[in-house]
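Observations on chain architecture
The chain contents come next:
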Number of protein chains: 2
Amino acid sequence: MSLSIGQVAERTGLSVHALRFYEKEGILANQVHRGPGGRRVYTQQDVDWLRMCIMLRMSGMPVPEIRRYTELVRQGDGNELQRLDILKEHQERVRQQMAQLQECMDLITYKVGKYEDYINSIASKAVGQ
Amino acid sequence: MSLSIGQVAERTGLSVHALRFYEKEGILANQVHRGPGGRRVYTQQDVDWLRMCIMLRMSGMPVPEIRRYTELVRQGDGNELQRLDILKEHQERVRQQMAQLQECMDLITYKVGKYEDYINSIASKAVGQ
DNA sequence: TCTTGACCTAGAGGCGACTCTAGTTCCTAG
DNA sequence: CTAGGAACTAGAGTCGCCTCTAGGTCAAGA
């Protein structure tokens, strides 16, 4: 089953622009081949790969590092240790990010609580209690 | 106790440049007054405020929204509901961000596991098992 | 035949958040 | 008196990641 760039955009949530950009940046495990009129033809595998890349991006992996990873995958067997390294390093970064975010969340939740209390105290005064 | 911009940079982790930038962007609850020679003089309160702003930024609140919040605080009492709104909205965004990050983390952890298994299987073949 | 709409390329533009430059001023120590 | 170092301003530059533009091809439907 082959897909047009528009269909891939639909099912990945990326824009058509972004898809071409990602391709130019070397972020596709097997290069997209072309149909009549030079149009890109994608496969389900491409979509799956893109979905993983989206996960990596969402969690803050920079485009050049996704490219490095992609290149390793393209090269084929033999470099699994290097791929693992990239993933583990990123995993650690994500872990830190989450910890940081949790810290922020705690502060925000604390502040929200404070403001809610304050507003409630005002409201109950207003009705004379 | 008053602090120079350099000292504030040290204790917040922001660069001197970033501090001036934040000030220009209206992200200081009470405006910094100036000492001899037009130099900025900060107080501990400023540092505390900045630390909170750093938390907000780290968790992805855009500068304009921090400015809005800051303005409300500067205006003083009476707009607590609006402040609460901003905080709650942001809290929700952070929650979503964390969920997303967790999803990414799960995928990455799954992949790391796969690669580790594969590498171990290769390694044990290599020693003849 | 004409129009519409999806696609193509190369390259410019935009946005958010800093970061840095250039040219000064000012204080302190040698 | 001079050299350093920290501060000042306004504004330009950078970086990452897209996003959009201009100008074009192509196939299908009215």
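In short, a report on the structure. Since the model is a prediction, treat every value here as computed from it, not as a measurement.

Time to look at the packing of aromatic side chains. Residue and element names in this part refer to chain B. Using the criterion set out here, one finds four aromatic pairs over all chains in the structure. Between Phe 21 and Tyr 22 the ring centres are 6.0 Å apart and the planes differ by 50°, which places this aromatic pair in the tilted class. With 6.0 Å between their ring centres and 5° between their planes, Trp 49 and Tyr 69 make a pair best called stacked. Linking Trp 49 in helix H3 (residues 44-58) with Tyr 69 in helix H4 (residues 63-75), this pair joins segments that are 20 residues apart in sequence. Each member of the pair, Trp 49 as well as Tyr 69, carries the same accessibility label: buried.

It is worth spelling out the relation of the copies chain A and chain B at this point. Least-squares fitting of chain A to chain B yields an RMSD of 0.1 Å, with the superposition described by an axial translation of 0.0 Å and a rotation of 180°. Here the symmetry operator amounts to a two-fold rotation axis. Proximity to the rotation axis, assessed at the C-alpha, singles out Met98(A) in chain A; its C-alpha lies 3.3 Å from the axis. An overlap of 100% is found between the interface residues of chain A and their copies at the interface of chain B, pointing to a shared contact surface.

A separate point is the protein's contact with DNA strand C. Neighbouring DNA strand C are 18 residues; Ser4(A), Arg20(A), Arg39(A), Arg40(A) and Tyr22(B) lie closest to it. Measuring from a phosphate oxygen of DNA strand C, one finds a side-chain N or O atom of Arg34(A) at 3.1 Å. Between Arg39(A) and DNA strand C, the recorded distance is 2.8 Å, taken from a side-chain N or O atom to a base nitrogen. Counting only elements with at least two residues in the surface near DNA strand C, the list comes to helix H1 (5-12) and helix H2 (16-24) of chain A together with helix H2 (16-24) and H4 of chain B. With three residues, H2(B) is the single largest residue contributor to the surface near DNA strand C. Taken together, the residues of the surface near DNA strand C break down into six nonpolar, five polar and seven charged.

What follows covers the interface of chain A and chain B. The interface is formed by 33 residues belonging to chain A together with 33 residues belonging to chain B. Carbon and sulfur atoms make up 79% of the area that chain A and chain B hide from each other, which totals about 3,400 Å². Put simply, chain A and chain B have two salt bridges between them. A salt bridge links Lys88(A) to Glu116(B), with the shortest nitrogen-to-oxygen separation between them at 3.1 Å. Between chain A and chain B we count six residue pairs in polar contact (both at pLDDT 80 or more) in total. Elements supplying a minimum of two residues to the side of chain A that touches chain B: helix H3 (44-58) and helix H5 (80-126) of chain A. Here the element with the most residues in the side of chain A that touches chain B is H5(A); it accounts for 27 residues. Tallied by class, the residues present in the side of chain A that touches chain B amount to 19 nonpolar, seven polar and seven charged.

If you check the shell around DNA strand D, you find 17 residues, and the closest are Tyr22(A), Arg57(A), Gly6(B), Arg20(B) and Arg40(B). Here, DNA strand D places atoms within 4 Å of the protein, and 70% of those atoms are sugar or phosphate. At 3.2 Å from a phosphate oxygen of DNA strand D is found a main-chain nitrogen or oxygen belonging to Val63(A). Listing elements by their share of the surface near DNA strand D, those giving two or more residues are H2 and helix H4 (63-75) of chain A together with helix H1 (5-12) of chain B. Of all the elements, H2(A) adds the most residues to the surface near DNA strand D, at three residues. Here the surface near DNA strand D is built from residues that sort into six nonpolar, five polar and six charged.

Reading guide: rules and limits
Within each chain, residue numbers correspond to sequence positions counted from 1 in written order. Chain letters start at A and ligand numbers start at 1, both assigned in the order the entries are written. Totals for whole chains, interfaces and linings use every residue, but because this is a predicted model, local features are given only for residues with pLDDT of at least 70 and side-chain atom pairs only at 80 or more, for both listing and counting. Only hydrogens and water are removed before side-chain values are computed, so all heavy atoms of the structure are retained for them. A pair of aromatic rings is counted whenever rings of Phe, Tyr or Trp (Trp by its six-membered ring) have centres within 6.5 Å, and the orientation is called stacked for planes under 30 degrees apart, edge-to-face for over 60 and tilted otherwise. Each helix is a run of H or I in the DSSP string that is no shorter than four residues. Each strand is a run of E no shorter than two, and both are numbered from the N terminus. To sort residues, take the accessible area from a 1.4 Å probe on protein chains only and compare it with the maximum for the residue type: under 20% means buried, over 50% means exposed, and anything in between is partly exposed. The superposition of copies rests on a least-squares fit of C-alpha positions from residues with pLDDT of 70 or more in both. Should any heavy atoms of two residues lie within 4.5 Å, those residues are considered in contact. Being near a molecule or strand, for a residue, means having at least one of its heavy atoms within 4 Å of it. Any N or O atom pair separated by 3.5 Å or less is treated as a polar contact, with the protein-specific requirement of one donor-capable and one acceptor-capable atom, and with residues adjacent in sequence counted only for side-chain atom pairs. Just so you know the grouping, Ala, Val, Leu, Ile, Met, Phe, Trp, Tyr, Cys and Pro go in nonpolar, Asp, Glu, Lys and Arg go in charged, and all remaining residues, Gly too, go in polar. Buried area is calculated as the accessible area (1.4 Å probe) missing from two parts once they are joined, with the contributions of both summed. When a carboxyl oxygen of Asp or Glu lies within 4 Å of a side-chain nitrogen of Lys or Arg, that pair is called a salt bridge.

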